[in-house]
Amino acid sequence: MNNKEKRSSAIIIFITSLSFFLSYFSRIAWGIVSVYSSLKPTEVQDSIIFSLFFIGYVIVQIPSGFIANSYPKITSVTSLLGLSFASFLSGYANSITFEYFSSILMGLFAGWIYPTTIKILSCRFSGKELPVAIGYYSLAWPLSIVLSGITLPYLSINFGWRFPYYLISMISFLTALSYLLIPIKKSKIERKSIFTVARNRNVIIVSFSGFLFFLSYWIITLYTYKYFLTLGMNSYIAGLAYSMLALAGIPSTIIAGYIIRRVGIKNSLTFFEGIYGLLTLNLSYYLSIIQVFIVACTMGFVRFIITPANSSAVSMIDRKNAGSISGFANFFWQSSGIVAPLFASMVIASLGFKILWLFSGFIIILSSTIYLFLLKIKE
């Protein structure tokens with residue numbers, strides 16, 4: 001690969017990563033911004049807003065994956081322009097009902113980004129290069145959590161809770177335009193129906209195990225900030241602790257591709273999910289602020305090896321149809337986001353946070369066990 005190709009590859013990784021960052025940042029923003037919102041949402045209203053986003057998000061997963069196989073650039077530009085519009089509406093909302101509408105609209109557009117960007121990366125990279133590229137791409141995930149915990153309380157307090165959504169809107173619009181400037185190679189496509197994809201044993205296993213993992217993960221992501229507040233932390237300390245859930249994920253994401261390449265996708269999913277589940281169980285015990293930071297930091301390091309391992313799994317099952325397989329698997333992964341906030345709000349109201357963390361930890365360990373005994377993938 002010459003210098004020109006290296007620069008082109010780096011630009012593609014950067015733009016796809018920024019797109020993924022925006023789709024993720026937009027969905028977790030409400031978990032922090034809602035605390036400062038003049039709309040003063042209840043716990044139930046919060047859960048509905050989260051669930052509506054995920055309903056919109058999962059509806060488009062399967063069709064977006066199949067369309068992205070043929071038109072990745074068009075789907076990238078369209079989804080980001082739509083995300084820009086929906087984010088603006090979310091900031092403009094003057095009632096909870098309007099926020100419900102903007103949330104589902106945001107999900108409908110954000111849902112196109114993951115399968116589209118995975119398809120673009122699978123066209124550009126192959127073999128052992130692909131997990132490494134996906135590792136760098138996956139940096140968007142921990143960065144979005146770190147930046148949300150650090151910036152959103154500050155921006156909401158000093159500029160108002162609407163400002164973060166206007167900022168997301170502007171950056172999404174500029175990122176959409178950037179896709180018009182980059183070349184995207186086309187790959188050969190073996191057109192497969194959804195029924196053919198669904199019959200693939202590995203696709204089913206990755207989809208189901210991923211659903212279990214993400215069910216717990218979304219509970220952790222959407223509710224730990226509020227949990228930290230109940231421990232007596234102020235807004236900024238809670239935001240910093242929340243950021244620690246991903247801060248150590250920045251270096252681990254960088255090296256994740258090399259770890260996955262060395263130990264294998266299946267082994268990475270099994271081992272690191274098991275560790276993450278045990279760490280989640282620790283949240284159920286009484287923790288001092290120092291202990292919270294240690295557990296959160298360790299969870300961040302482990303979590304963001306799992307992320308590129310998931311993406312590598314769906315891209316390696318059938319690289320020529322990575323878009324449709326990513327969309328199919330992500331349909332189930334993100335469907336968990338519909339269930340997670342509704343379930344979590346009921347458990348918190350009736351049993352408290354500690355029982356919630358016990359449930360989440362055991363579900364993650366179950367997901368790890370399924371990968372260990374059932375997943376068979378050529379690497």
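As recorded by an unreviewed UniProt entry, the protein carries the name MFS transporter and is attributed to Acidianus hospitalis.

Under the counting rule described, the total for this entry stands at one salt bridge. Among the salt bridges present, the one from Lys226 reaches Asp46, with a minimum N-O distance of 2.5 Å. Within this pair, whereas Lys226 is found in helix α11 (residues 201-230), its partner Asp46 is found in helix α2 (residues 43-59), the two being separated by 180 residues in sequence. The pair formed by Lys226 and Asp46 is uniform in burial state, with each residue classed as buried.

Here we take up the packing of helix α8 (residues 140-159) against helix α12 (residues 235-247). Running from N to C, α8 and α12 cross one another at 165°; their axes reach a closest spacing of 6 Å. When the axis of α8 is compared with that of α12, the two are roughly antiparallel. As for how α8 packs across α12, the hand of that crossing is left-handed. Along its contact with α8, which presents Pro142, Ile145, Val146, Ser148, Gly149, Ile150, Tyr154, Ile157 and Asn158, the element α12 presents Tyr236, Gly239, Leu240, Tyr242, Ser243, Ala246 and Leu247. Of the residues that constitute the contact of α8 with α12, the class distribution is 11 nonpolar, five polar and no charged.

Before going further, it helps to spend a moment on the packing of aromatic side chains. Within the structure shown, the criterion is met by 30 aromatic pairs. Between Phe214 and Tyr217, the aromatic rings sit 6.1 Å apart at their centres with planes inclined by 85°, giving edge-to-face as the arrangement. With a gap of three residues between them, Phe214 and Tyr217 both fall in helix α11, about one helical turn apart. Classification of Phe214 by relative accessible area gives buried; the value is 1%. Here Tyr217 and Trp218 contribute two aromatic rings whose centre-to-centre distance is 5.5 Å and whose plane-to-plane angle is 55°, an arrangement assigned as tilted.

Domain annotation for the protein reports domain 1 (8-183) and domain 2 (191-378). For domain 1 and domain 2, the distance between their C-alpha centroids amounts to 18 Å. The interface of domain 1 with domain 2 comprises 51 residues on the first partner and 56 residues on the second. For the pair domain 1 and domain 2, the number of links is one salt bridge. The tally of links between domain 1 and domain 2 comes to seven residue pairs in polar contact (both at pLDDT 80 or more). Of the residues forming the side of domain 1 that touches domain 2, the biggest block, 12 residues, is contributed by α8. Taken together, the residues of the side of domain 1 that touches domain 2 break down into 31 nonpolar, 15 polar and five charged.

A few words now on the environment of Phe373. With respect to the helices and strands, Phe373 occurs in helix α17 (residues 353-374). Sequence separation between Phe373 and Ile59 is 314 residues, and the spatial gap between their C-alpha atoms is 30 Å.

Let us now look at a nonpolar patch on the surface. Where nonpolar side chains cluster on the molecular surface, the patch consists of Leu81, Met170, Ile171, Phe173, Leu174, Leu177, Leu180 and Leu181 and spans about 770 Å² of accessible area. Of all the elements, helix α9 (residues 163-178) adds the most residues to the nonpolar patch, at five residues. Relative to the helices and strands, Leu177 is located in helix α9.

Compared with an ideal rise of 1.5 Å per residue, which puts 18 residues at 26 Å, helix α14 (residues 265-282) spans 26 Å between its outermost C-alpha atoms and is within 8% of the ideal. Taken together, the buried positions of α14 are Ile265, Ser268, Leu269, Thr270, Phe272, Glu273, Gly274, Tyr276, Gly277, Leu279, Thr280 and Leu281. Structurally, α14 contributes buried residues whose contacts are with α11, α13 (249-263), α15 (289-317) and α17.

What counts and what doesn't
- Numbers given to residues run from 1 along each chain, matching the order in which its sequence is written.
- The predicted nature of this model means local features are confined to residues of pLDDT at least 70 and side-chain atom pairs, given and counted, to a pLDDT of 80 or more, with totals for whole chains, interfaces and linings taken over all residues.
- Remark: hydrogens and water are excluded; side-chain values derive from all non-hydrogen atoms of the structure.
- In what follows, salt bridge is the name for a side-chain nitrogen of Lys or Arg lying within 4 Å of a carboxyl oxygen of Asp or Glu.
- Helix and strand labels come from DSSP, where a helix needs a run of H or I of at least four residues and a strand needs a run of E of at least two; each type is numbered from the N terminus.
- A simple rule labels every residue: compare its accessible area, found with a 1.4 Å probe on the protein chains alone, to the largest value its type can have, and call it buried under 20%, exposed over 50%, or partly exposed in between.
- Axes here mean lines fitted to C-alpha atoms, for a helix over just the part in contact, with angles spanning 0 to 180 degrees between N-to-C directions.
- Comment on the angle field: the value is read as roughly parallel under 35 degrees, roughly antiparallel over 145, roughly perpendicular from 65 to 115, and oblique elsewhere.
- The crossing is said to be left-handed when, going from far helix to near helix, the turn is anticlockwise and less than a right angle, and right-handed when the turn is clockwise.
- Two residues qualify as a contact provided that any one of their heavy atoms is within 4.5 Å of a heavy atom in the partner residue.
- Each residue is assigned to one class: nonpolar for Ala, Val, Leu, Ile, Met, Phe, Trp, Tyr, Cys and Pro, charged for Asp, Glu, Lys and Arg, and polar for all the others, Gly among them.
- Here a Phe, Tyr or Trp ring, Trp counted by its six-membered ring, pairs with any other such ring whose centre lies within 6.5 Å, and the pair is stacked when the planes are under 30 degrees apart, edge-to-face when over 60, and tilted otherwise.
- Throughout the structure description, domain borders are defined by an automatic or database domain assignment.
- A 3.5 Å cut-off defines polar contacts: any pair of N or O atoms within that distance qualifies, except that in protein one atom must be a possible hydrogen donor and the other a possible acceptor, and neighbouring residues in sequence count only when both atoms are side-chain atoms.
- Exposure above 30% relative accessible area and no salt bridge define the residues that can form patches, which grow by joining like charges within 9 Å and nonpolar side chains of Val, Leu, Ile, Met, Phe, Trp and Tyr within 5 Å.
- Methods summary: accessible areas were calculated by the Shrake-Rupley approach with a probe of 1.4 Å, and residue burial reflects only the protein chains presented.
- Multiply 1.5 Å by the residue count of a helix minus one, and that product is the helix's expected span.

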